[in-house]
Amino acid sequence: MTVARPDPETIPARTPGRLRRLAARMGWLETVALVSLGVITLLALIAPWITPFDPYLRVAPAHLPPGWPHLFGTDDLGRDLFSRVLLGVTYTWLPGLCIILVALVVGTALGLAAGTMGGTADLVIMRLVELFLVLPSTLIALAVVAALGPGLVNTMIAITIFWWPWYTRIVRDEVCRLRVRPHVEAARIGGSRGTALVLRHIAPGVVPALLVTATLDVANVIMTLSLMSFLGLGQPAPAPELGAMTARGIDSLTVFWWLPILPAVAIMVMCLMANLAGDGLRRAVRGA
Amino acid sequence: MTEPVVSVRDLVADLGREAEATRVLGGVSFAVGAGEIVALVGESGSGKSTIGKALQGLLPQDAVRHLSGSVRIDGTEVIGADPRTLRDVRRRLVRAVPQNPMGALNPTMTIGRQLAESGAARDDAETWLARTGLPDPRRILAAYPHRLSGGQRQRVMIAMAMVARPRLLIADEPTTALDVTVQAQILDLVASLRSEGTGVLFVTHDLGIAAGLANRILVCHRGQIVEDGPAAQVIRAPRAAYSRALLRARFDLSTDRSRPLPTAGTAEIAPWPPVAKGKSWALELYRVVKHFPAGPRGRWGRRQPVRVLDGIDLRIAAGECVALVGESGSGKSTLLRIAAGLETADAGDVSRSGSVPPQVVFQDAVGALTPWLPIGAQIGEGLPRDTRDTCIAEALREVGLDPALAAALPSELSGGQCQRACVARALIRKPSVLLCDEPISAMDVSLAAQVLNLLNDIRRRAGLGMLFVTHDLAAARLIADRIAVLDKGRLVEEGPSEEVVTSPRAAYTEQLLAAVPRLSREGLA
Amino acid sequence: MTGYLLRRALGFVLVLWMVTVIVFALQAIIPADPARAITGPAAPAETVERVRGQLGLNDPIPQQYVRFLGNLARGDLGTSVRTRQPVADDLRRYLPATLELVGAAMILGTALALVLALAQMLLARSGAVRMTMLAAGSVPIFLSAMLLIYLFWFSLDWLPGAGRIGIRRFEGPTGSMVIDGILLGRPDVVGSALAHLVLPALALALPLAVAVGRSLASALHDVLRQPYAETARGKGLPEYRVVLRHGLRNAASPPLSMLGLQLGLMFGNLLIVERTFAWPGLGLYMVQSLASSDLPAVLGVALTFGAVYILFNMAVEIVQTLADPRMKL
C-alpha cells in the first residue's frame, strides 16, 4: 500500500488502582466516612445481639449519668441508654436504607422509561413527577401518617411516596443529556438498539449522579424519619427510636442532659457520615 | 524594531495539581514592539496559550507549581508581582481577546455596563464599537449579549480591550470559533489595530493566518520558542526542523491533491492510484426538506418552524467522495444526520444501496466513544461472537492502531487514536457509504493531515461512497471528487472540486474562497 | 409576558387543587370514623348512623368532594376535635406567630447563607468553611434547638428560651409582636419580642442557611470558572468585584430554587422548633393535634402551609424567569 501511515501506536500504560485514585480525589476524611457507612450498616444489622444490656428492661437505678458500665447513663425507667441508642440505630438506619433503595429502584425504572421512550410516556411520568415535586412533601407525609395512623411502616410508606420522584427526575435528565451525546448516536448507527443500547451506552452514565444523590439522601431520609419519630408518628413506645427518645427526654434537658442529647448525637453522626461521603463522591465525580 | 512594549526573558512555568506537575514553559524569551503584530504559532499543548495567560498574570494560582523568569510590560515586572500590581497591569497595559466570544460576555449585564467596567467613557465606547465595524453602537450599548452574533460579540470583545488603550493586546485564536467569512473580517480588524501603536501578540495554530497578518512569527513547540523571525523569512526559509514539519503538513487551496499529504517520517510519496468509480449510486437524496422549531415563541410557548433544508438534491456514486461545504447554520450537519438516519426528512426521499446503513465519523472523536466501554467492545458490537476478536484486530490494524488497544478505554487514548478507532468501528460493518462530520476541524495540522490521508485511502480501497461535511474548502478540495456548497439550506453550487475552487460560479463560494488563508498571500510568492 | 403569567397562575391553581384532592382523600381513607369520634365510643349504633347521615358521610364520594370544596371556599375547614373550635378560627389565631418566626428565619437564613458562600469563595482556607457547612447540615433540628437553649438560656442566661414575649396581656393589630410594638411605639415590647425571637429563628435558619449556602457556593464556583469571569479579571477588576458583580447575579438561580425547596422542609422543622421553644404558633398547634389524632386540625394546617409553600415557589420561579434577560416571553 502506498499510503504513509505512522507505526501502530503503542498502548498507553494503564494506571493501576482505580479505587485508590477515587480515594485520592475524595480526600481521606471522606473516604473514611464512605467506609463508615458500611460499618454503620453492619452495626445496625447485628445490634440486637450485641447490646450490652437488655434495652427494654430496668437494669439500674433511673437517671444514672454516663459512666461505667452504663456508657450513656440510664433513662427515667432505669434502662441502659447505650443499648437503647445502639438498637435505635437499627431502627433508624435500616428503614432509611430501605426507603432509599425502594425509591431508587422505582425512580430509576421510571426515569429510564421516561428518558428513553419519550413521547406520551415521558409526558405522563414527568407531569406526575413535577406534581410530586411541587407539593410540600414533608408536610403531606406528616398528614398521610396522621391519617394512616402512627407506625414505622406507615412512616416509611409516606416518605417513600415522596422520595422516588427526585430520582426519576435525575435519571431522566441525565438520560436526556446522554441520549443526544455523539457516543449514543454512534452506537445507534452501529446497530445497537432498544434495551441493549440503554443498558450498555446510557444507563452506566447515570450511575455517578445517582450514587452521589442517594448517598447524600441517606442523611436526608434519616433526618425526616427521626423528625417523624420525634413527633410521635413512629413505632409506639417502648421501641427505642432515636427521635422518640429525644422527644421524651427533651423536657428534662437541663436536669438529665444525656437523655435527649445522646440519641440526637447518634442521629447527627449517621447524617454526618452520609453527608461527608456523599460530598466526597460528588467532588470526585465532578473532578473538582 | 521599535522599543519593545513587552520583553519576556527565560520564562519557566510548571503547572499541574498536587504532585503531578509538568513543565509547560521551558525558558521562553521574546519581545513585542509597539505597533507590531507578533504571531505565536504552535499546536495544541505547545504552551502557547500559557504564555498569553502568564503575560496577563492570570495563570490559575492553585495550579502553578513553579514560575520564574521575567516578563516586563512597559517597564513593569509581572512575574512575582503582588496582586494589586497585576490588577493594575491588566487594567492599563495588557488586554486580551478570547478564543470563543460566546461565553466571554456576562449574559446578565448590558454591553454598555461591561464596557464601562472596562474603563470606557460612554463616547469612547461608542467610538470604539463603531471603529470595530458594528452598526448602530448606541443600540448595542443597551443590548444584552445574547442578542448579538458570534462575530459581533468578538468585535465587542476587541472594542472592550481597546478602549483601555493597552500597550499589548493578546489575541488567543480569536477566530477559530467563528465562521470562515467572519474570520477574515476579524483578522482585518486586528490588522488595522497596528495604527493604534498597540503591540499585538496573536496566538494561532495556523501558519497561514500568521503569515498573512503578522510582522514577525514565533514558533512554539513543547514550551520552547524554536523559531523567531520576520514572517516572510520564517515562511520562506524556516530554520528549525519543527517549523519545516509544520509548514510541510499544512495544506491550502494550492496543495497537490494527486497524492497523499506529506506527514512526519515520509520521504517519497507515490500518487493516489486511480479509483474505480461504481456505476450505481451509493446514496441518493432527492428534494430533502427539513424544518426545525427554532423561531420566536407564539402565545402558548410554541416555536415557529424554520426551514433549515430547502429541497436538497445530492447523489454520491460508489467510490466517490462528495464534500458538502458550508458555514454553521447552513444545514450541512442536518443533511448528514438525515442521510445517517438520525433524523427524518419532512419531505423528499433518501435512498441508498446495500443493506448496511451509512456509518458516521464524528467531529468529536473522544465524545463519539462510550467512556466506560473498551474500544474493542465498541468496535465489535453486534458482530458474531466467533469471529469478533479477529475482525476487531483486523479493523484496528487497518486504521493504523495496535490491536492490543482493543482492551483500552477511550480516556486512555489520544484524540487521534480515538478518531482512528471511530473509523475502524465504521468500517467493520462494511457500509456502502461513509459520512464524515467535520472529522478534522478540531485537530492540529499534522494530525488532520494524517486523518485526511487515512480517510482518502480507505474510501479508495474499499470503493466507499463518502460524504465529507466541512467548513474548510481546502480540505474539501483535497479529499473530494466533487464539492457541493450549502448556504442557508440551499445548494448554491455543485461541481468537480478543482473547478469549484478555481472558477466558482456562486458569489457565496467566492466569499468562502477569499476567506481561506494562503501562505502565498505574503512572503512566498 | 401576560401569557406566561397566565400559564403560571393556571399551574398554581392546578397544584393547589391537587392538594385539596389529597387532603380530601386522606379524610376519606382515615380508619377512624369521624361520626364515632363525635358521638363517643359508648354511643349506640343508631346514633352513630344518624350522625353519619348528618355529616353526609353516606353520600357518594364525588358529592362529598364537591361539598368539601364548597366548605373550603367559604373558609370552613371543619371543627377541631381537640379544641372544639372551628379549625379556621384556630388557624387565624396561631398563624401570625408562625409567620413572624418563619419570616425571621428566612431573612436570617438567607443572610447567613450569603456569608457562608462568600466565605467559602473568598477565604483562603475554604476547606474549613466547607466542613463547617457539612457538619452544620448534619445536625438534626432538635439537637441544635436543645443546644441553643442549653447554652444561651440555661448556662449563660443571655436570651429567653421559651414563649414569645415577657410582657403580659399585650395585643396588637397585626399579630406580629415585633411589628405591633413598632406600630404602637412600645420599645419594651419590641425588645422583648426580638429577644424571644432570636433563638427559635436561629434554630430554624441554620439548616436553611447551610442548604442555600452550599447551593450558592457551588453555583458561584461554576460561574466563576466561566469565560466571562475571566474577561472580568482580565479587565483588572479585583476578585471581590468579580464575585459580587459577575458572580452573584448569574449564580442566583439555583440557590433561589433551593430557598423555595427549603421552605417545605422548614415546615417539618417548624413543628419541632415551636414545640421545643413553646412558641404558640401553627407548628405547636399541629404537634398537639397530631398527639391527639385531631385530623381536621392537622389537615387544615397542612392545607395552609401547602398553599403558602406553593405560592412562594411559584413566585421564586417567576422572579427567576423575569430576571433572565435571555428569556423571551
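What you see as residue numbers is a count from 1 along each chain, following the sequence as written. Each chain gets a letter, beginning with A, and each ligand a number, beginning with 1, in the order they are written. In view of the model being predicted, local features appear only for residues whose pLDDT reaches at least 70, and side-chain atom pairs are presented and counted only at 80 or more, with totals across whole chains, interfaces and linings using the full set of residues. Excluded from the side-chain calculations are hydrogens and water; all other atoms, namely the structure's heavy atoms, are used.

For chain C, an unreviewed UniProt entry supplies the name ABC transporter permease and the organism Histidinibacterium lentulum. Listed in UniProt under the heading Subcellular location (unreviewed entry), the comment for chain C reads: "Cell membrane". UniProt positions are given in the numbering used here, feature names are shortened, and annotations may be inferred rather than shown by experiment.

In the nomenclature of an unreviewed UniProt entry, chain A corresponds to ABC transporter permease from the organism Histidinibacterium lentulum. According to the UniProt record, the Sequence similarities (unreviewed entry) comment for chain A is "Belongs to the binding-protein-dependent transport system permease family."

Trainee: How should I be thinking about the overall build of chain C in this particular structure?
Mentor: Looking only at helices and strands, chain C has 14 helices and zero strands in total. Order of helices (α) and strands (β) in chain C, N terminus to C terminus: α-α-α-α-α-α-α-α-α-α-α-α-α-α. Principal-axis analysis of the C-alpha atoms gives chain C an extent of 85 × 55 × 40 Å. Burial classes: relative accessible area under 20% of the type maximum marks a residue as buried, over 50% as exposed, and values in between as partly exposed (1.4 Å probe, protein chains only). Per-residue burial for chain C yields a buried fraction of 45% across its 329 residues. Contact between two residues is taken to exist if any of their heavy atoms lie within 4.5 Å; hydrogens are not considered. For chain C, contacts bridging at least 24 residues in sequence account for 69% of all contacts bridging at least 6. Here the Shrake-Rupley method, with its probe set to 1.4 Å, supplies the accessible areas, and only the displayed protein chains count as covering residues. Looking at chain C as shown, the accessible area adds up to about 15300 Å², and 66% of this sits on carbon and sulfur atoms. None of His or the chain ends enter the tally, which takes Lys and Arg as positive and Asp and Glu as negative. We put the charge of a Lys on NZ, of an Arg on CZ, of an Asp on CG and of a Glu on CD. Here chain C contributes 27 positively and 19 negatively charged side chains, and the mean placements of these two sets differ by 8 Å. The way it works is that DSSP assigns letters per residue, a run of H or I at least four long becomes a helix, a run of E at least two long becomes a strand, and they are numbered from the N terminus.

Trainee: Would you explain the overall build of chain A in this entry?
Mentor: Assigned secondary structure in chain A consists of ten helices and zero strands. Overall, chain A shows an N-to-C arrangement of helices and strands of α-α-α-α-α-α-α-α-α-α. Within these notes, the globule rule equals 2.2 Å times the number of residues to the 0.38 power, and the radius of gyration is based on C-alpha atoms. Computed over the C-alpha atoms, the radius of gyration of chain A is 24 Å, more than 25% above the 19 Å expected from 2.2 N^0.38 for a compact globule of 288 residues. The principal-axis extent of the C-alpha atoms belonging to chain A is close to 95 × 45 × 30 Å. Within the span of chain A, comprising 288 residues, buried residues form 52% of the whole. In the structure as shown, chain A presents an accessible area of about 12500 Å², 69% of it carried by carbon and sulfur atoms. Counting 22 positive and 16 negative side-chain charges, chain A places the averaged centre of each group 10 Å from the other.

Trainee: Help me understand the UniProt feature "transmembrane region" (unreviewed entry) in chain A, please; the structure alone is not making it clear to me.
Mentor: Residues and elements named next belong to chain A. When the UniProt feature table is mapped onto this chain, "transmembrane region" (unreviewed entry) is found at residues 28-50, 91-112, 124-146, 152-171 and 255-277. Taken end to end, residues 124-146 comprises 91% helix and 0% strand; its first and last C-alpha atoms sit 29 Å apart. Helix makes up 87% of residues 255-277 and strand 0%, whereas the separation of the span's terminal C-alpha atoms amounts to 36 Å.

Trainee: Teacher, can you tell me more about the sheet that holds strand E3 (residues 37-41) of chain B here?
Mentor: Hydrogen bonds between backbone groups are what pair the strands of a sheet, and the pairing can be parallel or antiparallel. Residues and elements named next belong to chain B. Strand order in the open sheet formed by six strands is E6-E7-E8-E3-E9-E10, with mixed pairing between adjacent strands. Pairing within the sheet leaves two strands with one partner each, and these edge strands are strand E6 (94-97) and strand E10 (224-230). On average, each strand axis in the sheet is inclined to that of its neighbour by 20°, with strand direction left out of account. All axes are obtained by fitting lines to C-alpha atoms, using only the stretch in contact for helices, and the reported angles, taken between N-to-C directions, cover 0 to 180 degrees. Seen against the sheet, helix H10 (residues 241-249) touches E3, strand E9 (216-221) and E10 and runs at an angle of roughly 100° to E9. At least two DSSP bridges between two strands are required for those strands to pair.

Trainee: Mind showing me how you'd approach the state of the cysteines here?
Mentor: Residue and element names in this part refer to chain B. To count as a disulfide, a pair of cysteine sulfur atoms needs to be within 2.5 Å. Following the criterion strictly, the structure yields zero disulfides over all chains and no others. Free cysteine Cys-321: the closest other cysteine sulfur is in Cys-436, separated by 7.2 Å. Lacking any disulfide linkage, Cys-422 is separated from the closest cysteine sulfur, that of Cys-418, by 6.7 Å. Among the residues examined, Cys-422 registers a relative accessible area of 3% and is labelled buried.

Trainee: Can you walk me through the interface of chain A and chain C in this structure?
Mentor: How big an interface is tends to be expressed through the accessible area that disappears when the partners come together. Contact residues are listed per partner, giving 45 residues for chain A and 49 residues for chain C. Note: buried area is the sum, over both parts, of the accessible area (probe 1.4 Å) each one loses when the two are combined. Overall, the association of chain A and chain C removes approximately 3900 Å² of surface from exposure, summing both partners, and the carbon and sulfur fraction of that is 78%. On the chain A side of the interface with chain C, the three residues burying the most area are Leu-139, Ala-147 and Thr-254 of chain A, jointly 14% of the side's total. One side-chain nitrogen of Lys or Arg within 4 Å of one carboxyl oxygen of Asp or Glu is enough to make a salt bridge. Counting the contacts that link chain A with chain C gives four salt bridges. The salt bridge partner of Asp-279 of chain A is Arg-130 of chain C, with a shortest N-O separation of 2.3 Å. Polar contact is defined as a pair of N or O atoms within 3.5 Å, subject to the rule that within protein one atom must be able to donate a hydrogen and the other to accept it, and that residues adjacent in sequence are counted only when both atoms are side-chain atoms. Counting across the chain A and chain C interface gives three residue pairs in polar contact (both at pLDDT 80 or more).

Trainee: Could you clarify how one ought to interpret helix H8 (residues 194-230) of chain A in this entry?
Mentor: Expected helix span is given by 1.5 Å per residue-to-residue step, counting one fewer step than there are residues. In this model, H8 of chain A (37 residues) spans only 47 Å end to end at C-alpha, well below the 54 Å of a helix rising 1.5 Å per residue. A residue's bend is simply the angle between two axes: one fitted to the seven residues ending at it, one to the seven starting at it. Its maximal kink placed at Ala-203 of chain A, H8 of chain A deviates by approximately 45°, while the proline Pro-204 of chain A follows within four residues.

Trainee: What's the story with the sheet that holds strand E2 (residues 22-33) of chain B in this structure? I'm lost.
Mentor: All names here are of chain B. Pairing within the open sheet is antiparallel, and its four strands lie in the order E2-E1-E4-E5. The open sheet is flanked by E2 and strand E5 (76-77), the only strands paired with a single partner. Where strand E1 (residues 4-15) lies against strand E4 (residues 64-73), eight bridges are found, and the strand directions are antiparallel. Note that in E4 the partner of Val-6 across the bridge is Ile-73.

Trainee: Whenever I open this one, the UniProt feature "domain: ABC transmembrane type-1" (unreviewed entry) in chain A confuses me. Can you help?
Mentor: On the UniProt side, "domain: ABC transmembrane type-1" (unreviewed entry) is annotated at positions that read residues 89-278 of chain A here. Along residues 89-278 of chain A, the helical share is 84% and the strand share 0%, with 20 Å between the first and last C-alpha atoms.

Trainee: In this structure, what is going on with unusual backbone geometry? I would like to understand it.
Mentor: The general pattern is negative phi for most residues beyond glycine and trans for most peptide bonds. The residue after Trp-68 of chain A, namely Pro-69 of chain A, is reached through a cis peptide bond having omega 0°. Checked against the element boundaries, Pro-69 of chain A lands in the loop between helix H2 (28-50) and helix H3 (81-117). Look at Ser-293 of chain C: it is not a glycine, yet its phi comes out positive at around 45°. The topology assignment puts Ser-293 of chain C in the loop between helix H13 (282-291) and helix H14 (295-323). A residue is classified by how much of its surface remains accessible, and Ser-293 of chain C, at 60% relative accessible area, is exposed.

Trainee: What is the right way to look at the pattern of salt bridges in this model?
Mentor: Oppositely charged side chains can pair when the atoms bearing their charge come close. Considering all chains together, one arrives at 53 salt bridges over all chains under this definition. Note that Glu-77 of chain B is salt-bridged to Arg-72 of chain B, the shortest N-O span being 3.6 Å. The partly exposed category is assigned to Glu-77 of chain B, whose relative accessible area is 24%. Taken together, the salt bridges that share partners define one network made up of Glu-30, Asp-279 and Arg-282 of chain A together with Arg-130 and Arg-214 of chain C.

Trainee: I would appreciate a short explanation of the nonpolar core in the present structure.
Mentor: If you look at soluble globular proteins, the nonpolar side chains tend to sit buried side by side. Among buried residues, the Ala, Val, Leu, Ile, Met, Phe, Trp, Tyr and Cys ones that are joined through side-chain atoms within 4.5 Å form a nonpolar core. Ranked by internal contacts, the top residues of the largest apolar core, which has 145 residues, are Trp-93 and Leu-231 of chain A. At 15 residues, the largest contribution of residues to this core is made by H8 of chain A. Counting residues in each nonpolar core, the second largest holds 87 residues, with Ile-379, Ala-484, Leu-512 and Ala-515 of chain B among its members.

Trainee: Please clarify how the UniProt feature "transmembrane region" (unreviewed entry) in chain C should be interpreted in this entry.
Mentor: All names here are of chain C. When the UniProt feature table is mapped onto this chain numbering, "transmembrane region" (unreviewed entry) sits at residues 12-30, 101-119, 131-153, 193-212, 256-277 and 297-319. The span residues 256-277 carries 95% helix and 0% strand; its end-to-end C-alpha distance comes to 28 Å. This span, residues 297-319, is 100% helix and 0% strand, and a straight line between its end C-alpha atoms measures 33 Å.

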